[in-house]
Amino acid sequence: MCLSKLKERLSSLLSFMPSTEQPLVLILDGLDHIGNNFGPHIMEGLPSPLPPSVKLILAVSSKRTQVLQAINPQRGPHQCVSEGREKESGYVCVQLGLVDRKQCVKMLASLLSNSGRRVTSGQQALVNQALTSCCLTLYARLLHLHISLWHSDSDVTESSLPDSVHSSISALLDHLEQKHGSSIVARAVSYLTLSRTGLTEAELADLLSSDQKVLTEYVQQVESPSSKMRVPQIDVERLLLDLRRFLIRRTVAGSHVLFWVSRHFKLVVAKRCLGTHEVRREIHSVMADYFSGGLSCEVAKPLLLKQKFGPNKDTTQMEIHIDRQTSSQPFVFASSFNEVGRVNLRKVIELPHHLQGSDKWEELEHGLLMSLRFHQAMVQAGLLEDLVTMLEGEEWSSYFCLSRERAVLASILKSCACLLQSSPLQLPSVMETSLLPYLEVFPALEGYAREIRQERRKRGSGLEVALCPAPSSVPSIQYLKCVAKTRDVSVREAAGTECGIVAEIMDDGMAWIWKGSGCDVVKLSLSCEQKELKFAGVKSSCQFMLLSTQCNQIFLWDVTDPEMFLQVKDSLKTELSQKTLNEVEGFVAYQKLLLMWWKDENFVSVFDVSSEILTHFQCQSCVTCVVCSSNGVYMYCGQMDGTVSIFDTNTGSLLATCSNSNHNAVTSMILCEEKWEMACVDRTGSVTLWDVAAKGNSPRLVTERFTGVKSNNILNVDYSHEIDTLLVCQSHQVALWDMCDWELWDQFLAPQGRAFTQAVLSKDGHFFLALLDTCPLVLVWKVSTGDCVLSLEINKQPHKLLKMASDIVCVAHDGCLTVWDSGMIDAAGPAPKMGCGVTEVVVERTGFYTSDGSETVWRWRLETGLPYANFLHDGPVEKLRLSPDNIHLVTLSAGEIYIWQTEPGQNILRMRGSRASDVLITPNSNFGVSISERGMSRVWKLAHGSIVCSIHPYLSDAQVSPESTFLIGRRHGDLLAASLWSGLISKRFSCVESSEHVVAFRTLSEHPDFVVVMASSGAVYTWKLAEETLCRHFQLPYRFHCQPQDFQMSSDGSYTLLSTDNEAIHLLDLSQVRLCSFKAEGPVIKACLDKTGHYAAYIFRPTTTLEKNCACYLHTRPVLRVLRLADGERIGSVFLAKNPLTLVMCERQCVFVGFEDGSVGVYSIVDDTIKGEELVRGREKLNGQMKRCPFDRAFTWLPLATPNITWP
């Protein structure tokens, strides 16, 4: 966890968690041993004073004065304050002295007595002398072990006893090596020392048994070594028995591990056995291989031995194969009783540490930090915050190359943290849905997405994203806070350089700097005459920043040289404004030349960074903007009265002037040197174009373009030479100009009741991003359509947008920074969406059709994920039908029926006068049926529209029989069947009891003679059309009822969807004559039954009791879930980021969801128990990726100009 997050988390815990009933005592031991000098910073992050229910105990060395000063600033490093005074200040300092010699002697005597040993008087004298030089208890314990080896007649001298803790530890290791062998002891203590949290006995035995040096020593002791030879467990236990006094057994992540009792053992072992980086890296590498499972392979590894043979004792090298196979190390241990499994916490904790220590940075980044299995283990183990910290970590960033990819993963995890903590198994689904739209931006993440699919296929069930719906927002890659000491401080000014460095100036005069992705926001401090300067403003150009202070000093910072701050002294400006604040209005940089202009001043200051010489150029009126030629020779100065002055910076001479006709202030200038043209934008938004090719003469007016707007509130201007587009932002509108012919391209009005505050073009120019007053969002508009396609969330009132080389940074009023990747915005923006919510989805072999109630029907190709054809109508489309042979598309629009041929896209028939409210197509694809509530329903031939017959009575919920012979529907409580040849009612179903009426029915394509009928009483019937026979099967219990709007049935009649009330879906299993209810975690919004009878899909909105400060929006979003009907097993779930309107299942194991924002999501069912036909075969690339430029327009098929058939 980074320092700022650690301080924020600690302060939050101390402020909110403790209470008078449950006080908190926080013990921070060894605060001075924390690396990177974090101890003082942690103390500064604690709330002062501490809450009443919090007590803090610190253990700090008296030599660490900096930490002591941070604890009590009132006391100097060498001052000692009385206990009474410290109590008044809230601090009590207790000095802990050393143990005296007598106590150590007494402790040593006790240890000897307990072990049944005694020493002679002469030996005791030597011991007393040694304890005089070192009175540490650890030293006394080490002496006990050393003395226990003496005998009463042992000849001992002063040199027989080690004189310090470290020499005692070294002597202990010497003794152990003599007793157990040098290799096993050296390696065992090295493994213990380099472990992160300690090792279990089994882990230590495995590591020793796989160690080359240790095995070599053991193999040489036997004549014919076994291929499965290991270090005997008894040898490991004997060694640990001799070390038992100096190893502690503690519980870490549920495992009992052994670790050194004191850090001094680690120091001695590091010096003795781990003296070089190569040795440490070798040990770390072995441990990394062990915890990664690299040692658990089936193939026996060779072991090279050097042995001497023959009378000459010649050394020869022999190779034997020994199976050093250790236990496998999966991230999650599978369990036959528990779907979740048990996380291998030892691997999760130790592996990153050893990969880092062995310099395996690529494996650490690719194989771990960007691995789904590692993420899944961390989330299941409740270590989500630790995972995010590792992904965002700065300490490893210099060794990694995928910082942006890791930032994206961290951002997604943080945005869904609350959900993942309560439902960790949702991680693959959440990550897949969030990542798929951006795989073209980050190809390195394709492996992560592929791993999600492989794990799902391996599991044999799940819900896979075949087409990701268009995103409504884009996850930020970084969010940063300024650690301000006072609240209610807002940003005064912010600026950013082209290389991605951002500076913020706050109201309190503090300056905060952000140096790019992966970095924290840090405070900038400059001092003058031993006083810290307060800042007033900041401007930027190229790699330079100009910082002005409240005492009228100006400092230039070249961000490529972080240590260099050069003071810019302008004598003229100082004389003019000794009592007022110098306000730099702006500056532009050319190499080492800075061109500055000031607020309400009519001169420009040109500063040479190399020579520190400053020159002034006088203009006619107040300077409002400046541009410089690419060679730095010519300077163009726009002024308040509409004049532009052109100077030669080498000679300082005025070359020419020009002025616009309305004399409005010039707010921006764009220099096109290829054409030697200069475009000037005035404060009304009008553009004046000048030819500046003739340097000695006045510029020639080419054209003036007036907007006709009298508003003088130009907020900002942005332009792109790459796409020849100029953006002019005013409070009421954003105007876009074509810079090729300087025509006004388009104007975007602000939403009613709102005003623009800033707008910038996107990186590729297809979008612009805008801020609105009192709106905590960054809105993204699509230039070609004028639609607002994205809303970037910041949850705070924005102050300014900064466009960097590859990022968009939003600076909030309180100084918080939100950073988005420009490529992600450019990828999410063009994702296709219909103009309104998707009301109908019709599936064909290679794609699908969608309708949103407008005049257009879209045809999508699933391979590309994009619409490739539009069917245009003269009115809103009400119904959409596709013939079973996929040849004809029938639509109902404004009372007229359109018949299209799908492949050529031709509108072959347009029929008027149908008065239809619905249209149907017969299963044989030969006829169409128009259903009319106010007139006759008609049967007509699909090919040429000729009427076959008319049906007089209106049949509600009409369906065509599977054999294309009858139109069946409800009327006055009965079920009628009308002949499609004569139009006459030839069959009638009436309930036995007169009080009953038919509420729902379904035809069965696999049993064409039968119709399943549901009566209002809950009775279930089958009606055989051919024989007009009736069979009552059973009665639904009173607790179950049929909702006609939900009633669906599989094609073979085995399953029936009855209703979706009481937060459940209720089904009728006719094959086994049983009722089934599947509970949802909230109200069911939509439900759909698979025609094959294998699956049911439903969408519900989860009801959760979340804290008010929960920022996890997915908790409240709808969830799509698929059930396998045979056993009720949940196949998979997907959280939907938007509100659904349509749910459709096709026979090829796919689920289609249409959303209210016009997007469509397609989800493929993965189920090994049922082998169905996949909708898309042989897709080599990942699902959800677009394979055609999203800005390529789809074909538009126009309707017939007028109806070619009119019915009477």
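Structure: above.
In short, a report on the structure. Keep in mind that what you see is a predicted model, and the values were worked out from it rather than measured.

1. A word on the overall build of the chain
Helix and strand content of the chain: 24 helices and 76 strands. A total of 1208 residues make up the chain; the buried ones form 52% of that total.

2. Let's talk about a nonpolar patch on the surface
A cluster of nonpolar side chains, Val 25, Ile 27 and Ile 57, forms an exposed patch at the surface whose accessible area comes to about 300 Å². On the basis of relative accessible area, Val 25 is assigned to the exposed category, the value being 52%.

3. Description of the sheet that holds strand β39 (residues 777-782)
Spatial strand order, β37-β38-β39-β40: 4 strands in an open sheet with antiparallel pairing. Each of the sheet's edge strands pairs with one partner strand only, and the pair in question is β37 (756-761) and β40 (788-793). This sheet shows a mean twist of 25 degrees between the axes of neighbouring strands, independent of strand direction. Pairing geometry for β39 and β40, over 5 bridges, is antiparallel. Looking at the pairing, Val 778 lines up with Leu 792 of β40.

4. Thoughts on the nonpolar core
Of all hydrophobic cores here, the largest spans 175 residues; its most connected members are Ile 1065, Leu 1120, Val 1151 and Tyr 1163. In this structure Ile 1065 touches Leu 1057, Ser 1059, Thr 1060, Cys 1076, Ser 1077, Phe 1078, Val 1084, Ala 1087, Ala 1096, Tyr 1098 and Leu 1123, once residues within four positions along its chain are discounted.

5. A closer look at the packing of helix α19 (residues 403-415) against helix α21 (residues 427-435)
Orientation of α19 relative to α21, taken along the N-to-C sense of each, is 125 degrees, at an axis distance of 11 Å. Taken as axis vectors, α19 and α21 run oblique relative to one another. Along this stretch, α19 crosses α21, giving a crossing that reads as right-handed. For the pair formed by α19 and α21, the contact residues are Val 408, Leu 409, Ile 412 and Leu 413 on the first element and Leu 427, Met 431, Ser 434 and Leu 435 on the second. Of the residues that constitute the contact of α19 with α21, the class distribution is 7 nonpolar, 1 polar and no charged.

6. Overview of the packing of aromatic side chains
When we look at a pair of aromatic rings, we describe it by the centre distance and by the angle of the planes. Tallied over the entire structure, the rule returns 23 aromatic pairs. Each ring, one from Phe 756 and one from Trp 781, has its centre 5.7 Å from the other, and the planes form 70 degrees; the classification is edge-to-face. Residue Phe 756 is found in strand β37, and its partner Trp 781 is found in strand β39; the two are separated by 25 residues along the sequence. This pair shows no difference in class: Phe 756 is buried, exactly as Trp 781 is. Seen from their ring centres, Phe 927 and Trp 981 are 5.6 Å apart, and the 80 degrees between their planes marks the pair as edge-to-face. In this pair, Phe 927 is assigned in strand β53 (residues 927-931) and Trp 981 in the loop between β58 (974-979) and β59 (985-989), connecting sequence segments 54 residues apart. Of the aromatic side chains, those joined through ring pairs into one cluster are Phe 748, Phe 756, Phe 768 and Trp 781. For Lys 347, the ring lying beneath its charged end belongs to Phe 331, and the centroid distance is 4.0 Å.

7. Quick word on the pattern of salt bridges
This model, assessed by the stated rule, comprises 46 salt bridges. Asp 1157 serves as the salt-bridge partner of Lys 833, at 4.0 Å between the closest nitrogen and oxygen. Here Lys 833, found in the loop between α24 (822-828) and β44 (840-843), pairs with Asp 1157, found in the loop between β73 (1150-1155) and β74 (1160-1167); they are 324 residues apart in sequence, far enough to count as distant. Here Arg 1124 and Asp 1127 are joined by a salt bridge, their closest N and O atoms 3.1 Å apart. A residue is classified by how much of its surface remains accessible, and Arg 1124, at 10% relative accessible area, is buried.

8. Things to note about the sheet that holds strand β46 (residues 856-861)
Read from one edge to the other, the open sheet built from 5 strands follows the order β44-β45-β46-β47-β75, with strand pairing classed as mixed. Each of the sheet's edge strands pairs with one partner strand only, and the pair in question is β44 and β75 (1195-1197). Within the sheet, the average angular offset between the axes of one strand and its neighbour, ignoring direction, is 25 degrees. In this sheet, strand β45 (residues 847-851) lies alongside β44 in antiparallel orientation, the contact comprising 4 bridges. For Val 841, the partnering residue across the bridge sits in β45 and is Thr 850.

9. Concerning the pairing of strand β22 (residues 593-598)
For a regular strand, the rule is simple: side chains alternate between the two faces of the sheet. With respect to burial, β22 is a largely interior element, 6 of its 6 residues being buried. Pairing between strand β21 (residues 584-590) and β22: 6 bridges, direction antiparallel. Counted as the bridge partner of Val 588 is Leu 595 from β22. Between β21 and β22, which follow one another and run antiparallel, lie 2 residues, and Gln 591 among them has a positive phi close to 50 degrees.

10. A short note on the side chain of Asp 648
Considering the arrangement of structural elements, one finds Asp 648 in strand β27 (residues 643-648). Reaching out from Asp 648, the side chain makes a polar contact with the backbone nitrogen of Thr 651 at a distance of 3.4 Å. Other than its neighbours up to four places away in sequence, Asp 648 contacts Phe 617, Val 633, Ser 653 and Leu 655.

11. A short note on the packing of helix α5 (residues 101-114) against helix α7 (residues 137-147)
It is at 9 Å that the axes of α5 and α7 come closest, and there the two elements cross at 35 degrees. Seen from above, α5 lies across α7 with right-handed handedness. Of the residues in α7, those touching α5 at Cys 104, Met 107, Leu 108, Leu 111 and Leu 112 are Thr 137, Ala 140, Arg 141, Leu 143, His 144 and Ile 147. Class assignment for the residues of the contact of α5 with α7 results in 8 nonpolar, 2 polar and 1 charged.

12. Overview of the environment of Glu 237
With respect to the helices, strands and loops of the structure, Glu 237 is situated in helix α12 (residues 233-242). Among the residues examined, Glu 237 registers a relative accessible area of 31% and is labelled partly exposed. A C-alpha to C-alpha distance of 8.2 Å links Glu 237 and Glu 201, two positions 36 residues apart in sequence.

13. Remarks on the pairing of strand β33 (residues 714-720)
In the sheet, β33 pairs with strand β34 (residues 725-730) via 6 bridges, with the strands oriented antiparallel. Looking across to β34, one finds that Val 717 is bridged to Val 728. Counting the residues that bridge the hairpin from β33 to β34 gives 4 residues, and of these Asp 724 lies at a positive phi of roughly 55 degrees.

14. A few points about the side chain of Glu 432
Residue position: Glu 432 is located in helix α21. Using a relative accessible area of 3% as the deciding quantity, one classes Glu 432 as buried. Within polar-contact distance, the side chain of Glu 432 engages the side chain of Arg 456 at 2.7 Å.

15. Focus: helix α6 (residues 121-133)
The end-to-end C-alpha distance of α6, which contains 13 residues, comes to 19 Å, matching closely the 18 Å that a straight helix rising 1.5 Å per residue would cover. Listing the buried residues of α6 in full gives Gln 123, Leu 126, Val 127, Ala 130 and Leu 131. Along the long axis of α6, the arc covered by the buried residues comes to 135 degrees, so they all point the same way. Across from the buried face of α6, at angles greater than 90 degrees, the exposed residues are Ser 121 and Thr 132.

16. A short note on the environment of Glu 674
Mapped onto the fold, Glu 674 is located in the loop between β29 (666-672) and β30 (677-682). Expressed as a C-alpha distance, the spacing of Glu 674 and Ala 693, which sit 19 residues apart in the sequence, is 10.0 Å.

17. A word on unusual backbone geometry
We note that Asp 600 has phi near 60 degrees; this positive angle belongs to a residue other than glycine. Tracing the backbone shows Asp 600 in the loop between β22 and β23 (603-608). With a relative accessible area of 56%, Asp 600 lands in the exposed category. Unusually for a residue other than glycine, His 663 sits at a positive phi of about 55 degrees. Topologically, His 663 is positioned in the loop between β28 (654-659) and β29.

18. Some remarks on α5
Under the 1.5 Å per step criterion, the end-to-end length of α5 is 20 Å for 14 residues, consistent within 8% with the ideal 20 Å. Every buried residue belonging to α5 is among Cys 104, Leu 108 and Leu 112, and all of these are buried. Burial along α5 is one-sided: seen end-on, the buried residues are contained in an arc of 75 degrees. Of the exposed residues in α5, those oriented more than 90 degrees away from the buried face are Lys 102, Lys 106, Ser 113 and Asn 114. Those residues of α5 hidden inside the fold are in contact with α6 and α7. Just beyond α5, the residue with positive phi is Gly 116, at close to 70 degrees.

Criteria and cut-off values
Residues numbered from 1 in each chain as written. Predicted model: local features only at pLDDT ≥ 70, side-chain atom pairs only at ≥ 80, totals over all residues. Heavy atoms only, no water. Helix = DSSP H or I, 4+ residues; strand = E, 2+ residues; numbered from the N terminus. Buried < 20%, exposed > 50% of the residue type's maximum accessible area, 1.4 Å probe, protein only. Patch = residues over 30% accessible without salt bridge, like charges linked within 9 Å, V, L, I, M, F, W, Y side chains within 5 Å. Areas by Shrake-Rupley, 256 points an atom, 1.4 Å probe, with all protein chains shown as cover. Salt bridge = Lys/Arg side-chain N within 4 Å of Asp/Glu carboxyl O. Pairing = 2+ DSSP bridges. Axes fitted to C-alpha atoms, helices over the stretch in contact; angles between N-to-C directions. Core = buried A, V, L, I, M, F, W, Y, C linked by side-chain atoms within 4.5 Å. Contact = heavy atoms within 4.5 Å. Parallel < 35°, antiparallel > 145°, perpendicular 65-115°, else oblique. Left-handed = near helix turned anticlockwise from the far one by under 90°. Nonpolar A, V, L, I, M, F, W, Y, C, P; charged D, E, K, R; others polar. Phe/Tyr/Trp six-rings, centres within 6.5 Å; stacked < 30°, edge-to-face > 60°. Lys NZ or Arg CZ within 6 Å of the ring centre and 35° of its normal. Polar contact = N/O pair within 3.5 Å; in protein donor to acceptor, adjacent residues only side chain to side chain. Expected span 1.5 Å × (residues − 1). Arc of directions from axis to C-beta.

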